[in-house]
Structures are given as C-alpha cells and as structure tokens.
Amino acid sequence: MADTVRIDAKGMHYTPLNRAIKAAVASGARKIELDNIMGQRFIADGLRGDVEIIINGVPGGDLGMFMSGPTCIVHGNCEHAPGNTMDAGTIVIHGNAGDAVAHSMRGGMIFVRDDIGYRGGIHMKQYKEKRPILVIGGSARAFLGEYMAGGLILVLGRKGTHPELDRGIGSGIHGGKIIIRGDVSDKHLGVGAKKDDLKGEGREEITPLIEKFCVFFDLDPASFIDDRYYLITPASARPFASKYTWEV
Amino acid sequence: MCGIIGVIDRSRKRMDGTGIRAALSRMDERGSGEGAGYAAYGAFPDFKEYYALHVFFDNLHEIKPIVEEELSKWGEIEHQEPIPTYEQPNIKKVHSPWRFFFRPDLHLMPRSTTPGDDIVTHLVMKINTTIPGALVYASGKNVAVFKASGWPEEVAAFYRIQDYEGYLWLGHNRYPTNTPGWWGGAHPFNLLHWSVVHNGEITSYGTNRRYIESYGYQCSMYTDTEVVAYLFDLLIRRHGLSLEMAVKALAPPFWDEIDQMPEREQEIMRAIRLTYGPALMNGPFAIVVANQDSMVGFTDRIKLRPLVSGELGDRLYISSEEAAIRTMEPEVGEIVMPRAGEPIIGRAR
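Presented here is an overview of the structure given in this document. Since we're looking at a predicted model, the values are computed, not measured.

Reading the values: rules and limits
- Residues numbered from 1 in each chain as written.
- Chains lettered and ligands numbered in written order.
- Predicted model: local features only at pLDDT ≥ 70, side-chain atom pairs only at ≥ 80, totals over all residues.
- Helix = DSSP H or I, 4+ residues; strand = E, 2+ residues; numbered from the N terminus.
- Rg over C-alpha atoms; globule rule 2.2 N^0.38 Å.
- Buried ≥ 20, exposed ≤ 12 C-beta atoms within 10 Å, placed from the backbone.
- Contact = placed C-beta atoms within 7 Å.
- Pairing = 2+ DSSP bridges.
- Axes fitted to C-alpha atoms, helices over the stretch in contact; angles between N-to-C directions.
- Nonpolar A, V, L, I, M, F, W, Y, C, P; charged D, E, K, R; others polar.
- Parallel < 35°, antiparallel > 145°, perpendicular 65-115°, else oblique.
- Left-handed = near helix turned anticlockwise from the far one by under 90°.
- Core = buried A, V, L, I, M, F, W, Y, C linked by C-beta atoms within 7 Å.
- Expected span 1.5 Å × (residues − 1).

What to know about the overall build of chain A
Phase 1 of the analysis: Assigned secondary structure in chain A consists of four helices and eleven strands.
Phase 2 of the analysis: For 248 residues, the compact-globule estimate of 2.2 N^0.38 gives 18 Å, and chain A sits close to it at 18 Å.
Phase 3 of the analysis: Counting across all 248 residues of chain A, residues that qualify as buried make up 52%.
Phase 4 of the analysis: Contacts in chain A between residues far apart in sequence, at least 24 positions, make up 41% of those at least 6 positions apart.

Things to note about unusual backbone geometry
All names here are of chain B.
Phase 1 of the analysis: Between His 187 and the following residue, Pro 188, the backbone shows a cis peptide bond with an omega angle of -5°.
Phase 2 of the analysis: Secondary-structure assignment places Pro 188 in the loop between strand S10 (168–173) and strand S11 (189–191).
Phase 3 of the analysis: Backbone geometry places Tyr 222, a non-glycine residue, at a positive phi of 60°.
Phase 4 of the analysis: Mapped onto the elements of the fold, Tyr 222 is located in the loop between helix H5 (205–213) and helix H6 (225–238).

Brief notes about the pairing of strand S5 (residues 88–93) of chain A
Residues and elements named next belong to chain A.
Phase 1 of the analysis: Burial of S5 is extensive: five of the six residues sit out of reach of the surface.
Phase 2 of the analysis: Of the strand pairs in this sheet, strand S4 (residues 68–75) and S5 are connected by five bridges, and their pairing is parallel. Bridging across to S5, Ser 68 finds its partner in Ala 88.
Phase 3 of the analysis: One ladder, built from four bridges, connects S5 with strand S6 (residues 109–112); its direction is parallel. Looking across to S6, one finds that Thr 90 is bridged to Met 109.

A word on the pairing of strand S14 (residues 294–299) of chain B
All names here are of chain B.
Phase 1 of the analysis: Counting buried positions along S14 gives five out of six residues, so the element sits mostly inside the fold.
Phase 2 of the analysis: Sheet topology note: the strand S13 (residues 285–290)/S14 ladder contains five bridges and is antiparallel. Considered in S14, the bridge of Val 288 is made with Gly 297.
Phase 3 of the analysis: Remark: three residues form the turn of the hairpin made by S13 and S14, two consecutive strands paired antiparallel.
Phase 4 of the analysis: Summarising the sheet, S14 and strand S17 (residues 344–347) pair through four bridges and their orientation is antiparallel. The residue of S17 that forms the bridge with Val 296 is Ile 345.

Structural notes on the sheet that holds strand S3 (residues 36–41) of chain B
To summarise the sheet geometry, strands pair through backbone hydrogen bonds and adopt either a parallel or an antiparallel arrangement.
All names here are of chain B.
Phase 1 of the analysis: Within the open sheet, the six strands sit side by side as S8-S3-S10-S1-S16-S15. Their pairing is antiparallel. Two strands close off the open sheet at either side, each with one partner strand: strand S8 (143–148) and strand S15 (308–312). Each strand axis lies, on average, 10° off the axis of its neighbour in the sheet, ignoring direction.
Phase 2 of the analysis: In this structure, S3 lies alongside S8, joined through six bridges in antiparallel fashion. Residue pairing for S8: Ala 36 is matched across the bridge by Ala 148.
Phase 3 of the analysis: Strands S3, S8 and S10 of the sheet are contacted by helix H4 (residues 152–159), whose axis makes an angle of about 125° with S8.

Some words on the sheet that holds strand S1 (residues 4–8) of chain A
Residues and elements named next belong to chain A.
Phase 1 of the analysis: The strand order across the open sheet built from eleven strands is S1-S2-S3-S4-S5-S6-S7-S8-S9-S11-S10, with neighbouring strands paired in mixed fashion. Of all strands in the sheet, those bounded by a partner on one side alone are S1 and strand S10 (193–197). With direction set aside, neighbouring strand axes in the sheet form an average angle of 15°.

Comments concerning the interface of chain B and chain A
Phase 1 of the analysis: Listed by partner, the interface residues are 13 residues for chain B and 14 residues for chain A.
Phase 2 of the analysis: In terms of residue class, the side of chain B that touches chain A is made up of six nonpolar, one polar and six charged.

Some points on the packing of helix H2 (residues 60–74) of chain B against helix H3 (residues 115–130) of chain B
All names here are of chain B.
Phase 1 of the analysis: Running from N to C, H2 and H3 cross one another at 155°; their axes reach a closest spacing of 11 Å. Viewed along their axes, H2 and H3 adopt a mutual orientation that is roughly antiparallel. Between H2 and H3 lies a crossing of right-handed hand. Here H2 contributes Val 67, Glu 70, Leu 71 and Trp 74 to the contact with H3, which in turn contributes Ile 119, Leu 123, Lys 126 and Ile 127.
Phase 2 of the analysis: Grouping the amino acids of the contact of H2 with H3 by side-chain chemistry returns six nonpolar, no polar and two charged.

Focus on the nonpolar core
All names here are of chain B.
Phase 1 of the analysis: Membership of the largest hydrophobic core comes to 183 residues, with the highest contact counts inside it found for Ala 39 and Leu 231.
Phase 2 of the analysis: In terms of residue count, the dominant contributor to this core is H6 (eight residues).
Phase 3 of the analysis: Excluding residues within four positions of it along the chain, Ala 39 makes contact with Val 143, Ala 144, Val 145, Trp 169, Leu 170, Pro 188, Asn 190, Ser 195 and Ala 290.

Some points on H3(B)
One turn of an α-helix holds 3.6 residues; hence residues three or four places apart share an orientation.
Phase 1 of the analysis: Counted at 1.5 Å a residue, the expected span for H3(B) with its 16 residues is 22 Å, and the 22 Å between its end C-alpha atoms agrees.
Phase 2 of the analysis: By the burial criterion, the buried members of H3(B) are B:Gly116, B:Asp117, B:Asp118, B:Ile119, B:Val120, B:Thr121, B:Leu123, B:Val124 and B:Ile127.

Below, the structure written as structure tokens:
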C-alpha cells in the first residue's frame with residue numbers, strides 16, 4: 001500500500017466511502033485524498049490513527065464525529081456539526097461551516113477559515129487533559145457556546161476587522177471559555193454568561209492558536225495578536241444550580 | 001429532519017425535473033422513504049388559464065362522479081385526465097392521482113374581489129372535508145404537484161417529472177416524526193398558487209389552526225405544514241401583506257430586538273406582532289414557499305433548522321444543504337446562510 005491513497009468519491013455513499021478510508025488506514029496509508037465529495041455525511045467518523053485526510057468538495061454533516069487522532073483538511077464548505085463529539089485530532093476547513101460546529105466536542109482542534117452558523121460549540125466539554133478548541137476565522141451566528149461546559153472557542157473575525165456578533169453568546173454556559181476579538185456588548189451575552197477584558201495569561205494562551213490558524217490559512221498573525229479581546233465565561237461556578245436542584 | 005429545495009428562474013425560463021430530482025436525492029439521508037414530492041410552476045402552458053385541481057381518489061368509479069358534480073355547481077371542467085404514473089417497485093399505488101382543469105363561474109361569488117380563488121378554495125375545503133376518498137392536494141393555475149409515499153427518486157420516476165418543465169420548482173424529502181407518512185401528508189402542500197415545503201415542526205399548530213379556521217380554512221391533511229399554505233393565502237392574498245411582512249408576522253423578531261429598531265420600524269413590527277399573534281409560528285422550521293411570481297425561504301427565529309441559498313445568473317436556489325444546490329448547479333456562486341427569521345426572496349420578472 002502506498003503512503004498516499006486517492007479515492008474518487010463521485011456518487012459514492014458514505015458507507016463504502018468510510019470502509020475504503022478505514023481499509024486505507026489499516027494498510028498503513030498516511031495521507032488519503034478524497035475527490036468529488038458532495039454531501040456525504042459522517043466522513044471519518046470514529047476513525048483512529050495518525051493519518052491526514054484531504055477532502056475536496058463539500059462534506060455532509062457530522063464530519064469527524066467521534067474521530068480520535070486523524071487530521072481532516074476540507075477544501076470547501078462544511079454542512080452541520082463537523083467535529084461532533086470528536087475526541088482527538090484536527091479539522092481544518094477552508095471555507096464556511098453550518099450550524100452546531102464542534103457539537104459536544106471533547107478533544108482536539110477545529111479551525112474554520114470563514115464563518116460558522118448558529119450554536120457553534122454547543123455542549124463542548126473538557127475532562128483532565130482533554131480540552132477541545134474551536135477557532136473561527138470569521139464570525140459566528142447566535143448562541144455561540146450554548147450550554148458550553150468546557151474547552152475554548154476563539155473568534156477572530158477575519159473578514160472585517162472584528163467579528164459580526166449575534167445574540168445569546170454563551171447562553172447557559174457553565175464551563176470553558178469563549179474569546180472574541182473586538183468589542184462584545186451586553187446585549188449579545190446569553191443568560192448566565194459574563195464578559196471581561198482578556199488579559200495576561202489568557203492572551204498568552206491564544207497567541208499560539210492564532211499563529212497556528214495563520215499557518216493553515218497563510219495569513220499574517222500580527223494584526224490579530226495586537227488587538228483587544230473579550231473573555232466570556234460562566235457568571236458563577238454553578239449559574240443554574242437553583243434551576244435544576246433544591247439546595248437544602 | 002426533512003430535506004427541502006427550491007429553485008426559481010427569474011426570467012421564467014423553464015427547466016425539466018431532472019435537476020431537482022438529482023438535488024433532492026442528494027439529501028436522501030434526510031428522509032425515510034415515506035414521502036417525497038415536487039411542485040413545478042409553468043407545467044401546464046396549454047391550460048394556464050385554468051385551475052389545475054389535483055385529486056387523490058381512493059376509487060374512481062364511485063367517488064369521481066361525486067367530485068365532478070360538486071365542481072359543476074361552481075364552474076366548468078375544461079379537461080380532465082388521469083395523472084400519468086409509471087409503476088415503481090417500492091411505490092404502492094394506494095390512490096389514483098387525477099387532474100381537472102377547471103374554470104369557475106365568477107358570477108357565482110359576486111361579493112368577492114378574487115372570486116375565482118375564493119370559489120376554488122371553497123371547493124377544496126368542501127371536497128376534502130365532506131367527500132371521503134377524495135383529496136384535492138393542489139389547486140393552482142399552471143402549477144403541477146407530484147407527491148406520494150416513497151423516496152425522492154422513486155416519486156420522481158413514478159410521475160416521470162423529467163417530462164415536465166417549470167420556471168420554479170420545489171422539492172421535499174420527508175422524514176415523518178409526529179404524524180404518519182401518507183400520500184396526502186407528503187409535501188409540497190398547495191392551495192391555489194401557494195406551495196409549501198417544510199423541514200421541522202410547527203409546535204404552535206393548534207393555535208395557528210384555530211386562527212385560520214376562523215377564516216374558513218379547514219385542515220384535512222393531519223400534519224402541521226398545511227397551516228403554512230393557508231396562512232400565506234390569508235396574509236398575502238386576502239389581507240394584502242407583502243411577502244416580507246408575511247414572513248415577519250409568522251417568524252417575528254424578538255421584543256428586545258424590536259426595542260432597538262428605528263421608531264417607524266418599531267411601530268410597524270409592534271402592529272404586525274399584535275395583529276398576527278395567533279399566526280406566529282413556533283418550533284423548529286425551515287420553509288420554502290412559492291407562488292407563481294416568487295419564492296421565499298425562511299427559518300424559525302432561533303434557527304433550529306438548516307437553510308442556505310446560492311445564485312447563478314437568473315436562478316436562485318434555496319435548500320437544506322449546500323451539496324443539493326451544487327448537485328443541481330455546480331457553478332453556483334457563494335453559498336449564504338440567511339439569518340434566523342429573515343426571508344430570502346427570489347422574484348420572477
């Protein structure tokens with residue numbers, strides 16, 4: 001088996017496609033290039049191993065769901081929920097993505113060059129060394145980081161200077177961080193979220209992420225690094241305690 | 001979960017059904033094989049002045065004469081024919097699709113400003129609620145509707161939609177969740193020139209249904225989408241709202257958003273919300289609605305269902321998935337996601 005495997009996915013259903021991908025990984029492929037991808041869902045779902053998958057076209061929903069280890073590079077837009085419950089690995093999207101990007105993601109990284117839809121990072125979580133990261137080059141629509149429990153979402157706003165904001169940022173957030181370049185007004189904050197200027201350690205944390213983002217998309221990191229950022233976190237340690245439990 | 005797609009050619013150049021069939025089949029994952037359908041505007045150029053009443057008959061010899069008698073009370077049947085169908089392995093022909101090209105006698109509804117439309121609406125409601133075994137599932141001029149229980153490609157082959165041409169097409173792939181899959185429950189839902197395809201559910205169905213029933217519409221299709229067709233007919237044809245305003249009535253901005261608007265706009269939005277409170281649709285939905293001159297797509301105001309659009313030349317595409325649009329038009333320009341509750345509109349010239 002060659003190091004690089006090419007699969008023409010034209011007219012192929014995702015089941016045989018995923019079988020072909022798994023077979024290629026099992027026989028030692030380090031790079032798999034998928035051509036003519038058009039709406040196939042569940043690509044690389046549950047896939048393990050150290051392999052790079054290049055996706056040419058528009059993958060369907062739930063790209064890299066439960067994926068643990070591989071890198072997916074998408075040359076096109078993504079539909080809903082790339083990185084759904086992803087465990088480890090990287091997804092790089094050269095375009096936009098739909099709603100619920102990084103849905104329940106629990107590890108690994110996602111980099112989106114342009115915009116994402118509604119509810120990006122919904123239910124992201126973290127545990128011990130598992131800490132998922134979602135970097136958005138453009139803007140995110142409403143309810144970014146809804147019910148977020150852990151991990152990091154970074155919004156850069158590449159197209160304008162600053163991202164265009166929408167309502168409900170961090171709605172129901174009870175863990176993790178959302179970091180947004182530029183200004184965030186109170187009217188954009190969701191219930192249970194608070195905002196602060198990003199300082200010190202926080203800024204140090206995002207610098208390598210910005211650099212990584214800029215390497216993927218061939219951009220100059222300087223203007224991103226030198227800007228102002230807001231940090232959005234839960235308003236308290238247990239913001240919804242009284243909603244779901246009775247304190248004695 | 002359902003899959004929806006619509007395309008309009010603004011110059012009214014017609015396309016056959018091959019493209020939309022391929023696009024809808026691209027979203028097979030969004031359906032369950034229990035319902036699919038298409039609508040084509042411009043499908044009956046030889047009969048474009050006549051209302052094309054499409055009927056599912058449970059049997060022809062007994063029930064069709066009763067429907068003919070009802071129609072003859074209100075006008076003339078210019079032409080009638082069985083809708084051609086072609087046997088498919090997985091489609092059980094439980095109904096006999098039939099079409100009447102009908103001309104209502106406008107003198108019979110003297111107080112109406114749109115007597116033809118009112119007569120046909122009356123007939124649709126009357127037949128669907130009083131003649132068991134007959135269901136009028138489309139009633140517009142020059143618009144054909146093709147639907148049945150099956151997968152998108154099967155339903156397309158069952159009616160051979162490649163033999164029809166339209167300047168505006170809608171397609172729907174159904175995944176029934178709350179009500180059973182049956183031929184009448186497949187989309188598009190049509191009344192007069194309105195056709196609707198919908199992904200999601202209208203949880204405010206009870207309120208909306210009571211509201212439109214107070215204006216004489218009667219629901220007979222056991223599923224929520226039906227009310228959307230009637231709401232559009234009521235708000236636009238009968239109340240004279242623009243498409244934009246109708247969408248604002250059905251999926252209005254939040255009160256806190258209204259508070260931020262310029263004064264004049266605030267006044268209009270408050271009036272719309274107060275007047276059309278019972279028409280407000282709650283729940284997750286993405287909808288494409290068409291009439292003979294336009295197509296509009298919109299989602300619920302917190303965007304719980306997907307909807308994207310793209311354009312190429314005179315053509316505007318709206319769909320649940322980008323891949324479906326690209327299947328129909330590989331050269332399509334930038335794919336955009338309309339904001340929650342914001343209409344995206346294509347108008348034919």
